[in-house]
Amino acid sequence: AQTVTQSQPEMSVQEAETVTLSCTYDTSESNYYLFWYKQPPSRQMILVIRQEAYKQQNATENRFSVNFQKAAKSFSLKISDSQLGDTAMYFCASGGQGAQKLVFGQGTRLTINP
Amino acid sequence: DTGVSQNPRHKITKRGQNVTFRCDPISEHNRLYWYRQTLGQGPEFLTYFQNEAQLEKSRLLSDRFSAERPKGSFSTLEIQRTEQGDSAMYLCASSYPGGRVEETQYFGPGTRLLVL
């Protein structure tokens, strides 16, 4: 069974600061994917970044990057130069290869203050 | 590409009534997923279709829940004899095997159900 744990229920930073959201996971899959999704208040969930577990290089998407530590089963998200629009719930999720279901963490509520 | 759409966006019903939700996936996506999200929690998997075949169902999907995808395009999720515990956001997602971002699921806006 897969499990995903986000240990930070809430975080708050000032605009332009860098913030790191933590995620740990456990899976029995040999090939799997990890995701960070963003869910703004009353809006739909959108993909922030994804990481294929077989790739050693950490994924980056503009201001968003991950620190993927496969042995430690850790998958943290770093947001650089945070913006007000980054305020949202952030969910870490894992999925096996081959159209398998996603397993989500409990989420981290991130607030960017002006 | 219009994204995943869901209707209705909100539904209020009385306990014991039946409700049906619809999901239209991204047009070329042959995989479709249903999740349930309660307040302050992450989504939980309910069921998954590849084309018209329902390939996996969660234990969360009691016999009061039924999902269909008759022509491999849109899907419906029906809840019979609703209970207050069914109040949640029901999310639909779709994906396309072999796409540029294979295995990535794209989510719709959800249907928020309130059972009184």
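See the structure above.
Notes on the structure in this doc start here. All values reported here derive from a predicted model rather than from experimental measurement. (Residues numbered from 1 in each chain as written. Chains lettered and ligands numbered in written order. Predicted model: local features only at pLDDT ≥ 70, side-chain atom pairs only at ≥ 80, totals over all residues. Heavy atoms only, no water.)

Re the overall build of chain A
The helix and strand tally for chain A stands at zero helices and twelve strands. Overall, chain A shows an N-to-C arrangement of helices and strands of β-β-β-β-β-β-β-β-β-β-β-β. By the compact-globule yardstick of 13 Å for 114 residues, chain A fits well, its C-alpha radius of gyration being 14 Å. Residues classed as buried in chain A amount to 49% of the 114 residues present. Taking all contacts inside chain A whose residues are at least 6 apart in sequence as the whole, residues at least 24 apart take part in 56%. Only carbon and sulfur atoms are counted for the fraction: they give 43% of the accessible area of chain A, which is about 5500 Å². Across chain A, 10 positive and 9 negative side-chain charges occur, with their mean positions spaced 6 Å apart. (Helix = DSSP H or I, 4+ residues; strand = E, 2+ residues; numbered from the N terminus. Rg over C-alpha atoms; globule rule 2.2 N^0.38 Å. Buried < 20%, exposed > 50% of the residue type's maximum accessible area, 1.4 Å probe, protein only. Contact = heavy atoms within 4.5 Å. Areas by Shrake-Rupley, 256 points an atom, 1.4 Å probe, with all protein chains shown as cover. Lys, Arg positive; Asp, Glu negative; His and termini not counted. Charge placed at Lys NZ, Arg CZ, Asp CG, Glu CD.)

Points about the nonpolar core
Counting residues in hydrophobic clusters, the biggest one holds 25 residues, and the most contacted among them are Trp 36, Phe 75, Leu 77 and Tyr 90 of chain A. Leave out the neighbours within four places in its chain, and Phe 75 of chain A touches Cys 23, Tyr 25, Leu 34, Phe 35, Trp 36, Gln 51, Val 66, Asn 67, Phe 68 and Cys 92 of chain A. Judged by nonpolar contacts, the second largest core, of 19 residues, contains Ala 88, Tyr 90, Leu 113 and Val 115 of chain B. (Core = buried A, V, L, I, M, F, W, Y, C linked by side-chain atoms within 4.5 Å.)

Structural notes on the interface of chain B and chain A
At the interface, 20 residues of chain B touch 18 residues of chain A. A combined buried area of about 1600 Å² lies between chain B and chain A, and 54% of that area is made up of carbon and sulfur atoms. When the buried surface of chain B facing chain A is broken down by residue, Pro 43, Glu 103 and Phe 107 of chain B rank first, second and third, together holding 32% of it. Seen at the junction of chain B and chain A, the total is one salt bridge. Note that Glu 56 of chain B is salt-bridged to Lys 101 of chain A, the shortest N-O span being 3.8 Å. (Buried area = accessible area lost by both parts, 1.4 Å probe. Salt bridge = Lys/Arg side-chain N within 4 Å of Asp/Glu carboxyl O.)

So, the side chain of Thr 108 of chain A
Residue and element names in this part refer to chain A. Within the fold, Thr 108 resides in strand S12 (residues 108–113). Side chain to side chain, Thr 108 and Gln 6 meet in a polar contact 3.4 Å long. Aside from chain neighbours lying at most four places away, what touches Thr 108 is Gln 6, Gln 8, Pro 9, Glu 10, Met 11, Leu 21, Ala 88, Met 89 and Tyr 90. (Polar contact = N/O pair within 3.5 Å; in protein donor to acceptor, adjacent residues only side chain to side chain.)

Brief notes about the state of the cysteines
Residues and elements named next belong to chain B. If you walk through the whole model with that rule in mind, you get two disulfides over all chains. Linked covalently through their sulfurs, Cys 23 and Cys 92 form a disulfide whose S-S length is 1.8 Å. Across the S-S bond linking Cys 23 and Cys 92, the dihedral sits near -70 degrees, which makes this disulfide left-handed. Here Cys 23, found in strand S3 (residues 19–24), pairs with Cys 92, found in strand S9 (residues 88–95); they are 69 residues apart in sequence, far enough to count as distant. Taken individually, Cys 23 and Cys 92 each receive the classification buried, so the pair is uniform in this respect. (Disulfide = S-S within 2.5 Å.)

What to know about unusual backbone geometry
Looking along the chain, the bond that leaves Asn 7 of chain B and enters Pro 8 of chain B is cis, with omega of -10 degrees. Examined against the element boundaries, Pro 8 of chain B turns out to sit in the loop between strand S1 (5–7) and strand S2 (10–13). Phi angles above zero are rare outside glycine, and Ala 16 of chain A is one such case at about 80 degrees. Relative to the helices and strands, Ala 16 of chain A is located in the loop between strand S2 (10–14) and strand S3 (19–21). Its identity is not glycine, yet Lys 73 of chain A carries a phi of approximately 55 degrees, on the positive side. Position of Lys 73 of chain A relative to the elements: it lies in the loop between strand S8 (64–69) and strand S9 (74–79). Using a relative accessible area of 29% as the deciding quantity, one classes Lys 73 of chain A as partly exposed.

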